[in-house]
Number of protein chains: 2
Amino acid sequence: MANAIVSQSGGPTGVINASLVGVIEQVCKQKQIKKLYGAVHAVKGIVNEQFVDLRKVSKKILEEVAASPSSALGSSRDKPDRAYCEKILGVFKKYDIRYFYYIGGNDSANTCYIIDTMARESGYELQSFHVPKTIDNDLLVTDHCPGYGTAAKFVACAVRGDDLDNRALPGVKIDVVMGRHAGFLTAAAALAKQRDDDGPHLIYIPERPVTMERFLGDVDGVYKKYGRCVIAVSEGMCDVDHKTWTEKLAESAEHDSHGNVQLSGTGALADFLAGQVKGKLGIKRVRADTFGYLQRSFAGLQSEVDAKEARRCGRQAVLYSMKEQSGSVAIRRLKGAKYSIELFRTELANVAEKTKSMPDTFIDKEGNGITEAYIKYAMPLVGKLPRTQYLGNLPKV
Amino acid sequence: MANAIVSQSGGPTGVINASLVGVIEQVCKQKQIKKLYGAVHAVKGIVNEQFVDLRKVSKKILEEVAASPSSALGSSRDKPDRAYCEKILGVFKKYDIRYFYYIGGNDSANTCYIIDTMARESGYELQSFHVPKTIDNDLLVTDHCPGYGTAAKFVACAVRGDDLDNRALPGVKIDVVMGRHAGFLTAAAALAKQRDDDGPHLIYIPERPVTMERFLGDVDGVYKKYGRCVIAVSEGMCDVDHKTWTEKLAESAEHDSHGNVQLSGTGALADFLAGQVKGKLGIKRVRADTFGYLQRSFAGLQSEVDAKEARRCGRQAVLYSMKEQSGSVAIRRLKGAKYSIELFRTELANVAEKTKSMPDTFIDKEGNGITEAYIKYAMPLVGKLPRTQYLGNLPKV
């Protein structure tokens, strides 16, 4: 008999709580686990011994948690170094914690890896399991990441409605989507398209740097063809010198503790691009939105598949840990006409720190659009989208 | 036997198409109406004779239209003067149009009123009916406006999730909500609250001007109490000299053809307020989002009640017009424990041009929050919201 701990780290998602509930319900079935500590605010909560007793939460509350966005145990942006991890291990020893479940992205996998290695080195028996989550979909090994499908659904619904708005009052509309380095979430805008002339007409992702001239040329071309243009732009959109447009804009960019430039939650890029289109192309009606935190936190908009898989990943981490292995849970897509997956274990080191970008096959030749291969990949993760319709294209009488 | 025309004007909403479908299905039942023209892009489409035949649309497509955000016939921001209205009346005469259904806000009611008066003066028999829509909820006479409940639902879901995000990664979060003059939509953020310490902790609406000092003092107070602060701010938030913060910011504000300063779709206000909080209160984690066009166009997020009422208003306009009266359709809330409404006719002049603000009873004494009276008023219009939960408040072990 020993104790377990679970925590959630990094940017919340719409289904990170489903993974948490998966861990909780599976731990509750394990006879060899006595207590299940929930560390409040991730690693910060571990070193400060801010624990709640997760075995005491009712089934009803757990279901509400699983359906809720954000991290129910709180999160943290702390990126622990060796000394920090030593403290964490010290707390584990103090509380006789032998099972560590950490739900997070690549940085969290790395934290998990460091602690696991330290435990091994010091001869302390510890099973450390990373449960993947990120709206960016940029973790290695796994086919896709829990959290992505739900965020992608938000982006697709937003752009699908926004495109109709742009049909009603034509002009240029720019939507800035989260994603510093990988274009997966911005690509989800392509899922909004139902008809050939539907927006988004242009999609810009960090994987394909673009000059302002080229960007304006693209917009001009679409606007001349359709009399309107809907554009999805990644917040990490960058110039051919690989500097993001936002970096170029911000003379004094705020930095978060991971050393990434803070791009989310600011309207600067959207407003800048709108200004460029208005000023240089002379188009009158130009509007821009930055989707911001709603992409990861909007209440009541989970992708069903995503929520189920996230929960399954949480459960599976516990099952793997019973076999006394550490690792990260990953998703494998099975072959066949109908979408299905299986879970497998991968080494923590395989997921730690590194990230992946959109494969070339998902990006069109021009570098400003998304291919059918991506649609085929992403649609099952998002699930059924609301079908929309308009009437302006009926034959004139 | 005569012909009818229907059109949609102004900013689209999530249910303006439900009203359109209400008009179409009711017209199809009227034997005295021969053709039903849909004018594409509102008054612009009327003067340019850009018509589609709405009797030919299948039931299936109509249901998809009713469920879709935005204006299926397209919209326009044109605000017709007398000469423009003369042209419209000329087209009506040319096409033997005797029934005019115009779905829009107070400006559209005014257009309807001018054309109706002109028709009367020239002895042309015309029934002109205005069907109300606006996310701002600021039309006179009616208890509430179709379109409001759906936009309010978006704001409530967004803030409910955003508040959990802010619990997970505490700091100050500022959400800028649409509404130039009336605070109704911003007030909907209050519907997000489930528990006493839930956000939004502060709500600023145009009806209650505030100095920057007072704003910062409020934020400081909440932050000291809860260690975090979620704020909903109307885009029309103004200083005590009644100039909006955005006007003060924008040296060269773009103007739309109604003479209103263009506030939507820009991140300037949110970024400005975030900068003030960060700079003057020294709070490290400050984030801001501008909800933008998603509030009126997000696909698949209708309030059920709102969609039903919008459709009913469309149908009723047709029924009223059969009795040879012109006017605007309005909603009366009936007394009783359970929410219910009835529709009634009001004169076009009663709705034309003017707008209303939030009643004092909906605003708290401090001017930075919303009362229970508002919650009671608005909750039935929005319908059931997704219940959310978190675990950070469990007793520490």
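Residues numbered from 1 in each chain as written. Chains lettered and ligands numbered in written order. Predicted model: local features only at pLDDT ≥ 70, side-chain atom pairs only at ≥ 80, totals over all residues.

Student: Could you clarify how one ought to interpret the overall build of chain A in this entry?
Tutor: A tally of helices and strands in chain A yields 14 helices and eleven strands. In terms of overall dimensions, chain A is globule-like: its C-alpha atoms have a radius of gyration of 22 Å, near the 21 Å expected for 397 residues. In chain A, 76% of the contacts between residues at least 6 apart in sequence involve partners at least 24 apart. (Helix = DSSP H or I, 4+ residues; strand = E, 2+ residues; numbered from the N terminus. Rg over C-alpha atoms; globule rule 2.2 N^0.38 Å. Contact = placed C-beta atoms within 7 Å.)

Student: How should I be thinking about the relation of the copies chain A and chain B in this particular structure?
Tutor: Related by rotation about an axis and a shift along that axis, the two copies of the chain form a pair. When chain A is fitted onto chain B, the two copies agree to an RMSD of 0.0 Å after a turn of 180° and an axial shift of 0.0 Å. Here the symmetry operator amounts to a two-fold rotation axis. In terms of C-alpha distance to the rotation axis, chain A has Gly267 of chain A as its closest residue, with the C-alpha 2.0 Å off the axis. A high fraction, 100%, of the interface residues of chain A reappear at the interface in chain B, so the copies pair face to face through one surface. (Least-squares fit on C-alpha atoms with pLDDT ≥ 70 in both.)

Student: Hey, could you run me through the environment of Lys225 of chain A in this one?
Tutor: All names here are of chain A. In this structure, Lys225 sits in helix H8 (residues 212-226). Residue class for Lys225 comes out exposed when judged on the 11 C-beta atoms lying within 10 Å of it. The sequence separation of Lys225 and Asp197 amounts to 28 residues, and the corresponding C-alpha distance is 9.8 Å. (Buried ≥ 20, exposed ≤ 12 C-beta atoms within 10 Å, placed from the backbone.)

Student: Honestly, the interface of chain A and chain B in this entry has me stumped. Any pointers?
Tutor: Buried accessible area, meaning the area lost when the parts come together, often serves as the stated size of an interface. Taken together, the contact pairs 58 residues of chain A with 59 residues of chain B. Of all the secondary-structure elements, those providing two or more residues to the side of chain A that touches chain B are strand S3 (51-53), helix H3 (59-66), helix H6 (148-168), helix H10 (268-281), strand S9 (286-290) and helix H11 (294-297) of chain A. Among the elements that make up the side of chain A that touches chain B, the one with the highest residue count is H6 of chain A (nine residues). Partitioned by chemical class, the residues of the side of chain A that touches chain B number 28 nonpolar, 18 polar and twelve charged. (Nonpolar A, V, L, I, M, F, W, Y, C, P; charged D, E, K, R; others polar.)

Student: Whenever I open this one, the sheet that holds strand S10 (residues 327-333) of chain B confuses me. Can you help?
Tutor: Think of a sheet as strands paired side by side through backbone hydrogen bonds, with each pair either parallel or antiparallel. Residues and elements named next belong to chain B. Read across the open sheet, the seven strands follow the order S3-S2-S1-S4-S5-S10-S11; overall the sheet is mixed. The sheet is open, and its two borders are formed by strand S3 (51-53) and strand S11 (341-346), each paired with just one other strand. Each adjacent strand pair in this sheet contributes to an overall mean axis angle of 30°, direction not counted. In terms of strand pairing, strand S1 (residues 2-8) meets strand S4 (residues 97-104) through six bridges, oriented parallel. Paired with Ser7 across the two strands is Tyr102, which belongs to S4. (Pairing = 2+ DSSP bridges. Axes fitted to C-alpha atoms, helices over the stretch in contact; angles between N-to-C directions.)

Student: Any chance you could explain the domain arrangement of chain A here in plain terms?
Tutor: All names here are of chain A. Here chain A is described as being made up of domain 1 (2-146 + 302-351) and domain 2 (148-299 + 357-382). If you average the C-alpha positions of domain 1 and of domain 2, the two centres end up 32 Å apart. The partner domain 2 presents 22 residues to the 23 residues of domain 1 that form the contact. Here the side of domain 1 that touches domain 2 is built from residues that sort into seven nonpolar, nine polar and seven charged. (Domains from an automatic or database assignment.)

Student: Even after reading the chapter, I still don't get the environment of Cys28 of chain A, so can you show me in this structure?
Tutor: Relative to the elements of secondary structure, Cys28 of chain A occurs in the loop between helix H1 (16-27) and strand S2 (33-39). Separated by 106 residues in the primary sequence, Cys28 of chain A and Thr134 of chain A place their C-alpha atoms 26 Å from one another.

Student: I keep staring at the sheet that holds strand S9 (residues 286-290) of chain B and nothing clicks. Help me out?
Tutor: Residue and element names in this part refer to chain B. Read across the open sheet, the four strands follow the order S7-S8-S6-S9; overall the sheet is parallel. Strands at the two margins of the open sheet, each flanked by one partner only, are strand S7 (202-204) and S9. On average, each strand axis in the sheet is inclined to that of its neighbour by 15°, with strand direction left out of account. Pairing between strand S6 (residues 172-177) and S9: five bridges, direction parallel. Looking across to S9, one finds that Lys173 is bridged to Arg287. Contacting S6, S7 and strand S8 (229-234), helix H8 (residues 212-226) runs over the sheet at an angle of about 155° to S8.

Student: How do you make sense of helix H14 (residues 372-382) of chain B when you look at a structure like this?
Tutor: Residue and element names in this part refer to chain B. Those residues of H14 that fall on the buried side of the exposure criterion are Tyr374, Ala378, Leu381 and Val382. Along H14, the residues classed as buried sweep out an arc of 90° about the axis, all on the same side. Away from the buried face of H14 by more than 90 degrees, exposed residues Glu372 and Lys376 are located. Its buried side turned inward, H14 meets helix H6 (148-168), helix H7 (184-187) and helix H12 (304-322). Phi turns positive one or two residues past the end of H14, at Gly383, with a value near 85°. (Arc of directions from axis to C-beta.)

Student: So what exactly am I meant to see when it comes to the nonpolar core here?
Tutor: As a rule of thumb, nonpolar side chains are buried together in soluble globular proteins. Core analysis: the largest hydrophobic core is formed by 255 residues, its most contacted members being Tyr101 and Val155 of chain A together with Tyr101 and Val155 of chain B. Setting aside its immediate chain neighbours within four residues, Tyr101 of chain B contacts Ala4, Val6, Val23, Phe129, Val131, Ala317 and Val318 of chain B. (Core = buried A, V, L, I, M, F, W, Y, C linked by C-beta atoms within 7 Å.)

Student: Looking at this structure, I do not really get the environment of Val141 of chain B. What am I missing?
Tutor: Residue and element names in this part refer to chain B. Residue position: Val141 is located in the loop between strand S5 (127-132) and H6. When the C-alpha atoms of Val141 and Val318 are compared, they prove to be 19 Å apart, with 177 residues separating the residues in sequence. Apart from residues no more than four positions distant in its own chain, Val141 is found in contact with Ala330, Thr346, Asn350 and Val351.

Student: Can you walk me through unusual backbone geometry in this structure?
Tutor: With glycine set apart, most residues show a phi of negative sign, and most peptide bonds adopt trans. Backbone torsion omega between Gly199 of chain A and Pro200 of chain A reads 0°, so that peptide bond is classified as cis. When you line up the elements, Pro200 of chain A lands in the loop between helix H7 (184-187) and strand S7 (202-204). Backbone geometry places Ser70 of chain B, a non-glycine residue, at a positive phi of 75°. Within the secondary structure, Ser70 of chain B is located in the loop between helix H3 (59-66) and helix H4 (82-94). The backbone of Glu353 of chain B sits at a positive phi, close to 65°, despite the residue not being glycine. Inspection of the secondary structure puts Glu353 of chain B in the loop between helix H13 (348-351) and H14. Residue class for Glu353 of chain B comes out partly exposed when judged on the 13 C-beta atoms lying within 10 Å of it.

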